[in-house]
Each structure stands twice: as structure tokens, then as C-alpha cells.
Amino acid sequence: MSFDIHILGTSSARPTGSRQVSGSIVVCDEGVAVVDAGEGFQSRFAIQRRRMKQSDKSQIKVSRVDVLCLTHGHLDHTWGVLPWLHTLSLDKRKKPLLILGPTSGEVLESVLSNSDLPENTSNSDLLIQWRSWHQLGGTSQQLGFPVRWILGDVKSNRWIELLPDSDSVIELDKMPQPDGWSNNKIKPLPTNHTVPSCGWHFSSKPKKGKFNRLRAAELKLSDAHRAGLARGEDQTLEDGRILASDEFRSPDSGGISVVLSGDTSEMSEGITSLENCDVLVHESTFLEDSSERAMNYLHSTASGAARTALSGGAKNLVLTHFGARIKDTDELLSQAREQLGESKTALTAASDGDRIHVSDLGSVTHHYWGEQGWSN
Ligand SMILES: [Zn+2]
Ligand SMILES: [Zn+2]
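Caption draft 1: Main features of unusual backbone geometry. Although it is not a glycine, Met-267 sits at a positive phi angle of roughly 55°. Its place among the elements puts Met-267 in the loop between strand 13 (257-260) and helix 9 (269-272). For Met-267, a relative accessible area of 39% translates into the label partly exposed. Within the chain, Leu-298 stands out as a residue other than glycine whose phi angle is a positive 55°. Among the structural elements, Leu-298 can be located in the loop between helix 10 (291-296) and helix 11 (302-311). Residue Leu-298 is classed as partly exposed on the basis of its relative accessible area, which comes to 26%.

Spelled out as C-alpha cells, the structure:
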């Protein structure tokens, strides 16, 4: 059980010479999730698949993608979705795809009561985009595979499913999880941005350590003793020796957890209230000299991302979503590092194509993409 995060775009708002707009992939043992898909996403996904194949790494098959999680409706996070869905259709996909995204409580209300959208609804609201994508062929019927369009108000945890083929909508009692996932869970985290937004939290269940059959066999234990030890009960043998059950089991893995923030101001409550976070991939659109802009546009500075990581107890902070003014990440890193001070939080900055690997025991490696392939 492990997570691999592929960061395929690290630029904010628009592509630059070396950075593309947002789009990430989270690979776990039960399937693959895509988090945001800005312009050109499918090409970047194809390139990353080729790189993985060429370097003999395990492949990320498109057919393993179960879910698309959108953080918000700004185009640098969504403009690649519809073209990618069309390609999945051309590739004769049959497997269902779950699409999850945030909207406001007012928008949900108006959809459910079939009334006009609130006047202040942004053009970037996911509901408006999804409706236009449906008109452009983004429905299960036209794509040829089942797509579930799930919109939620994250703060009140209310969810609806749009059914464009029957032009209707239903309210759900909870946010659905991807088909077939039982050990890994996806959860939206409330964030603050200029449109309804959320971060996405991926966690795996803690796993029990393995029972040491070999040792039990060597000691020629009876079935009853063996079963008792396997259940975690210490056993007293006939000769009076006591066998401690924890000596017959390798340590449990704690369950791992990673968060991709999306666009947000610093200290968003969804992230600061985390209890366990191995990796936080957080936006860092601005440097310290633009902290006022960050505040006005509900984005974060590098040091703001660091403050958020500290209060959410993140063990590793990975910075991404850099404004066009940020040419290299040295200054950004030093501002964030200064904020982290003596804390044990590890800090890196992402480039397009980087992979962050989280092992089942929670150890984290940032593999940087370069012309020679990945290096640590
Ligand atoms: Zn953005
Ligand atoms: Zn945004």
C-alpha cells in the first residue's frame, strides 16, 4: 500500500516556458485518481505514461483511472477535462468514471429547486461548466461510458448528482467513493478561494502487520496457541514459558495520508484541521513581496503555505502553482524554510513531471524529473 503523486503542471493561471497549468495524478494500489486537469492535461498524462514505461517503472494505465477530483472551476484547472473525456471515448472506455467537484450551497439549492442560479454565481462555477460540457457531448450516452457528475457543498457536506441524459438531478446522502476502493478513501477539505473550492485528501487504512508463521512452525506450536497468538493474545505453554503475541507480528503500518490543496489562501480550515498528513502539496502562487495580492486573490505565498503545513502537522510540504514571476524556486524555498524554522517538516518545490512517492510506512521520496530521467 503506497501512494505515488505525479505532478504534471506547476504553473498558475497560464503556461510558461517550462511549466504547464495544473493537473496531478494520485496512484494507489486500488486505482488512480486525477486531481484537476488544466489545458493540455491529456498530452501531459500521455508523456508521463511514456516516461514511466521507458524507465521501467510500473505503468500508469489510463484504464485504471476511477475518479477525477476537481478543486475548483478556474480554467487553469478544468480546461483539459472535456478533450480528455472525448479521448477516453475514442479509446472505447467502458469503465465508469466518477467526477467530483465543489460548488456553493446556494447553487445546490437552486439546482434542486429548479430555480435560477443566484445572481452572484461565477461563470467559473463548476455547475455552469459541467452543463456546457454536457451540451458539447460530455454525457454517458454520448461518450459511451458511464460518467457520474457529483457536485457538493463541501462545508455542509451536501451532494447532488447531475443526470444530463435525463436532464434531472438527485440529492445523495453522501459523497460517493470510487467503485472498488475499500482500503483507500477520498475526502474533500474546505479551502478559501474566489470561487467554491476544496482540497483533496487521500488516505489509506492502517494495515495489520503480518503473522510470523515460520516462527510459530519452528516452535512447533499447537493450533490453539497459534490461533491465540494470531488473535493478539499472549500464550502460556505447558512448560510455563510465556509467548508474547506482538513478537509474532511485524509492526502495523499507520495508514498514510496525502493532500493536494488546489488554489487557496493560507491557513484554510480544511488543511489546518488535519490530524495526520504525510504529504501536503500546497499552492504557492506568490513570493513574500506580493503577500497583499495573495490575500486579495485568495492565494498563498510560500511562507503562507509553510504556516499552513505547520498547523496541519504536515510531515512533508511540496510547493506548486507558481506565478509567472517566479523563475526559479530558490527564493520561494528559502522564504518557506524560514517560516518552518526548527520544525521537522521537510520542504521541496515541484517541477512538471516530478513524482512524490509515499511508502506504506510513510517514508516520502521526491523524485525530480530531468532530462536524464528521475533523480532523488
Ligand atoms: Zn490556479
Ligand atoms: Zn483558482
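Caption draft 2: Region of interest: the domain arrangement of the protein. Looking at the protein, the domain boundaries give domain 1 (3-206 + 253-370) and domain 2 (213-248). For domain 1 versus domain 2, the distance between C-alpha centres works out to 47 Å.

Caption draft 3: Structural context of the sheet that holds strand 16 (residues 346-349). Read from one edge to the other, the open sheet built from six strands follows the order 9-10-13-14-15-16, with strand pairing classed as mixed. On the outer flanks of this sheet lie strand 9 (184-190) and strand 16, each paired with one strand and no other. Averaged over all pairs of adjacent strands, the angle between strand axes in this sheet comes to 15°, irrespective of strand direction. As paired elements, strand 9 and strand 10 (residues 198-204) share seven bridges and run antiparallel to each other. Residue pairing across strands places Ile-186 opposite Phe-202, the latter belonging to strand 10. Helix 11 rests against strand 14 (277-283) and strand 15 (314-320) of the sheet, and its axis sits at about 155° to strand 15. Each of strand 15 and strand 16 touches helix 12 (residues 330-340); the most contacted strand, strand 16, lies at about 165° to it.

Each value, and the rule that gives it
Residues numbered from 1 in each chain as written. Chains lettered and ligands numbered in written order. Predicted model: local features only at pLDDT ≥ 70, side-chain atom pairs only at ≥ 80, totals over all residues. Heavy atoms only, no water. Helix = DSSP H or I, 4+ residues; strand = E, 2+ residues; numbered from the N terminus. Buried < 20%, exposed > 50% of the residue type's maximum accessible area, 1.4 Å probe, protein only. Domains from an automatic or database assignment. Pairing = 2+ DSSP bridges. Axes fitted to C-alpha atoms, helices over the stretch in contact; angles between N-to-C directions. Contact = heavy atoms within 4.5 Å.

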